[in-house]
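# Structural features, examined
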Amino acid sequence: QMCIRDRYQSALNCFPYQKKRVLYACKANTNLAILKILLSEGCSIDAVSPGEVYAALKVGFKGENILYTGDNMSDEDINFAVQSGCILNCGALSTLEKVCKRYPDTQVCIRVNPDVGDGHHNHVITGGVKSKFGIFQSDTTKALEIAQQYGAKIVGIHQHIGSNILDAEKYAQSIGNILSAAKEFPDLKFIDIGGGFGIPYKPNETRLNLEELGRKVSNTFEEFSSQQGREIELWVEPGRFLVAESGVLLATVTCIKSNPEYKYVGIDSGFNHLVRPTMYGLSLIHI
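As a starting point, this report considers the structure included with it. Keep in mind it's a predicted model, so treat the numbers as computed, not measured.

## Concerning the pattern of salt bridges
Scanning all chains against the criterion turns up 9 salt bridges. Here Asp-139 and Lys-142 are joined by a salt bridge, their closest N and O atoms 3.6 Å apart. Exposure remark for Asp-139: the relative accessible area of 22% places this residue in the partly exposed category. On the basis of relative accessibility, which here comes to 46%, the residue Lys-142 falls in the partly exposed class. For Glu-245, the salt bridge identified is with Arg-207, shortest N-O distance 2.9 Å. Here Glu-245 is found in the loop between helix H9 (240-243) and strand E10 (253-258), whereas its partner Arg-207 is found in the loop between strand E8 (190-192) and helix H8 (210-228), with 38 residues between them in sequence.

## Considering the packing of helix H2 (residues 32-41) against helix H3 (residues 50-59)
Packing of H2 against H3 leaves a shortest axis separation of 9 Å and a crossing angle of 60°. The orientation of H2 relative to H3 falls into the category oblique. Two packed elements cross with a definite hand, and for H2 against H3 that hand is right-handed. The residues of H3 that touch H2, namely those facing Leu-32, Leu-35, Lys-36 and Leu-39, are Ala-55, Ala-56, Lys-58 and Val-59. Looking at the contact of H2 with H3 residue by residue, the class counts come to 6 nonpolar, no polar and 2 charged.

## A few points about the nonpolar core
Core analysis: the biggest nonpolar cluster contains 71 residues, and Tyr-24, Ile-45, Leu-96, Ile-110, Ile-191, Phe-197 and Phe-221 have the highest contact counts within it. In terms of residue count, helix H7 (residues 168-182) provides more of this core than any other element does, 6 residues in total. Ignoring any residue separated from it by four or fewer positions in sequence, one finds Ile-45 in contact with Leu-23, Tyr-24, Cys-26, Leu-35, Ala-56, Phe-61, Asn-65, Ile-66 and Leu-67. The next biggest cluster of nonpolar side chains, apart from the first, holds 7 residues, and it includes Leu-67, Cys-109, Phe-190 and Trp-235.

## Some details on the packing of aromatic side chains
As enumerated under the stated definition, the model contains 4 aromatic pairs in all. Residues Tyr-17 and Phe-221 carry aromatic rings whose centres are separated by 5.6 Å and whose planes lie at 65° to one another, so their mutual orientation is edge-to-face. Note that Tyr-17 is positioned in the loop between helix H1 (2-13) and strand E1 (20-25) and Phe-221 in helix H8, a separation of 204 residues in sequence. The exposure class assigned to Tyr-17 is buried, which follows from its relative accessible area of 0%. When the centroid spacing of 6.3 Å and the interplanar angle of 55° are considered together, the rings of Tyr-262 and Tyr-264 count as tilted.

## Re H8
Taking 1.5 Å per residue, 19 residues should reach 27 Å; H8 reaches 26 Å between its end C-alpha atoms and fits that length. Taken together, the buried positions of H8 are Leu-210, Leu-213, Gly-214, Val-217, Ser-218, Phe-221, Phe-224 and Ser-225. With its buried residues spanning 135° around the axis, H8 presents them on a single face. H8 presents Glu-211, Ser-226 and Gln-227 as exposed residues on the side facing more than 90 degrees away from its buried surface. Looking at the packing, one finds that the buried side of H8 touches H1, H7, E8, strand E9 (233-236) and H9. One or two residues past the end of H8 sits Gly-229, with phi positive at roughly 75°.

## Comments concerning H2
Among all positions of H2, only Ile-34, Leu-35, Ile-37 and Leu-38 are buried. Projected down its long axis, H2 carries its buried residues within an arc of 160°, all on one side. Where H2 is buried, its residues touch H1, E1, strand E2 (44-47), H3 and H9. A positive backbone phi angle near 95° is found at Gly-42, which sits one or two residues after H2.

## Focus on the side chain of Glu-233
Within the secondary structure, Glu-233 is located in strand E9. Side-chain polar atoms of Glu-233 contact the side chain of Trp-235, separated by 3.2 Å. Apart from the residues within four sequence positions on either side, Glu-233 is in contact with Lys-19, Lys-20, Arg-21, Lys-189, Phe-190, Ile-191 and Phe-221.

What counts as what
Here the residue index of a chain counts from 1 through its sequence in written order. With pLDDT at 70 or above as the cut-off, local features in this predicted model cover only qualifying residues; side-chain atom pairs require 80 or more to be listed or tallied, and sums for whole chains, interfaces and linings still use all residues. Values shown for side chains rest on all heavy atoms present in the structure; no hydrogens or waters enter the calculation. Here, a salt bridge means any Lys or Arg side-chain nitrogen found within 4 Å of an Asp or Glu carboxyl oxygen. Exposure categories follow from relative accessible area, calculated using a 1.4 Å probe and restricted to protein chains: below 20% of the type maximum is buried, above 50% is exposed, and the middle band is partly exposed. Numbering of helices and strands runs from the N terminus, with a helix taken as a DSSP run of H or I at least four residues long and a strand as a DSSP run of E at least two residues long. With axes taken as lines fitted to C-alpha atoms, and helix axes fitted only over the stretch in contact, angles between N-to-C directions fall between 0 and 180 degrees. Roughly parallel means an angle under 35 degrees; roughly antiparallel, over 145; roughly perpendicular, 65 to 115; everything else is oblique. When the near helix sits turned anticlockwise from the far one by under a right angle, the crossing is termed left-handed; a clockwise turn instead gives a right-handed crossing. Here a residue-residue contact requires only that any non-hydrogen atoms of the pair lie within 4.5 Å. Under the grouping applied here, Gly and all other residues not named as nonpolar or charged are polar, the nonpolar ones being Ala, Val, Leu, Ile, Met, Phe, Trp, Tyr, Cys and Pro and the charged ones Asp, Glu, Lys and Arg. In this description, a nonpolar core means a group of buried Ala, Val, Leu, Ile, Met, Phe, Trp, Tyr and Cys residues linked to one another through side-chain atoms lying within 4.5 Å. Aromatic pairs are defined between Phe, Tyr and Trp rings, using the six-membered ring for Trp, whenever the two ring centres lie within 6.5 Å; interplanar angles under 30 degrees are classed as stacked, those over 60 as edge-to-face, and all others as tilted. In this analysis, the expected span of each helix is defined as 1.5 Å times one less than the number of residues it contains. Here the arc refers to the directions that run from the helix axis out to each C-beta atom. We define a polar contact as two N or O atoms separated by no more than 3.5 Å, with the added condition that, inside protein, one atom must be a possible hydrogen donor and the other a possible acceptor, whereas residues neighbouring each other in sequence contribute only through side-chain atom pairs.

Shown next as structure tokens:
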């Protein structure tokens, strides 16, 4: 519990910029006890499914403090999120038009692909031309036109460039791109720079320099807000960073066997507990 609280405070306080909010990307772990801890700290929620929205509401989060970033949203997903009071984050022009047409005069956020990506494995890089996520930065004008057509307001711009990032410079580069796109949105209230704050999995890995990240981002936001003549709220949405180091996976060795080249150790656990080594390569996990 103390680890989660400490990580939340670290994520919040590393940014000298005053107008800010931390959202927990609860895909990392939706255990209700964890959600309650973060609720008590003043955290908000980034949800990617109706189930995550339901869990957050169940422990006491208000809909207005939940950003719903469902990819390929169905009509049912959209209706549930809107009726729950969530802020919808649209990652496709077709989704944005569907939302604005169904709920005219609404306030929405758009997910932008800033043409920058990073992460510990190719499968978790969620920015750049090889990623399906977000409205590409060259299409943001079209997003504004769709919103205006239906009387909707784009009040937030969001990005998420990848997972388990340990290089602060990658964030700085992507933020420059998204701020360039943000200048054309007159109703903008917040910019969400995403999550992906990494943690070291191996002894030789260096921890993400939060102070450097916070300083660079804050300086950029101060300059941007000054140019715009109004203070834009900074949102960040760490997931793994807040919870991964708060516990361990315990398993019992049930079998040991060898062949001429390898020794195999069997345990009473499986993909249902930890699928990441299989999905993204054993190189991520230090045993």
